[in-house]
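Single-letter residue listing:
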Amino acid sequence: QLQASGGGLVRPGESLRLSCAASGQIQSVDTMAWYREAPGNLRELVASITTSGSTDVTDSAKGRFTISRDNALNMVYLQMNSLKPEDTAMYYCNADVSTPWVKKNIWGQGTLVTVSS
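Please provide a residue-by-residue account of the pairing of strand β4 (residues 28-37), values included.
Strand direction decides the pairing type here: β4 and strand β9 (residues 89-98), joined by 8 bridges, are antiparallel. Bridge assignment links M32 to a residue of β9, and that residue is A95. Pairing of β4 with strand β5 (residues 44-49) involves 5 bridges; the strand directions are antiparallel. Across the sheet, residue Y35 finds its bridge partner in β5, namely L45. Counting the residues in the hairpin turn of β4 and β5 gives 6 residues, including G40, whose phi is positive at 85 degrees.

So this is what it looks like as structure tokens:
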């Protein structure tokens, strides 16, 4: 399973760091990612990172958001700087994992980020 944390209420221009931990009977974790879903909008990919550290960040977040991971701890992070009201959304972590029985894609429960003055 994935457990996300770090969301909250911040003012425009401030920062937040989201964390997500993979736990359970996981043998390995491949690509990890953060998605977000704002009210009335579809869930969208914000950033992803491979096991080797290759990253991809959506255009609206480039230069402001940084994704990173700790492979030893099976954790992924999203550092969000210069937050804007339009970044307000529920943020979900996602990962491709291998268990002793199967490879699967799993989701965390979401952490709410609200950017408002």
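Once the structure has been displayed, the description carries forward.
Requested: an account of the state of the cysteines, with residues and values cited.
Overall, the coordinates contain 1 disulfide when judged by the stated rule. Two residues, C20 and C93, share a disulfide whose sulfurs are 2.0 Å apart. Where C20 bonds to C93 through sulfur, the torsion about that S-S bond is close to 55 degrees, and the disulfide is right-handed. On the criterion of sequence distance, the pair formed by C20 in strand β3 (residues 16-22) and C93 in strand β9 is long-range, its members being 73 residues apart. The two residues C20 and C93 agree in class, both being buried.

How each quantity is defined
- Residues numbered from 1 in each chain as written.
- Predicted model: local features only at pLDDT ≥ 70, side-chain atom pairs only at ≥ 80, totals over all residues.
- Heavy atoms only, no water.
- Pairing = 2+ DSSP bridges.
- Helix = DSSP H or I, 4+ residues; strand = E, 2+ residues; numbered from the N terminus.
- Disulfide = S-S within 2.5 Å.
- Buried < 20%, exposed > 50% of the residue type's maximum accessible area, 1.4 Å probe, protein only.

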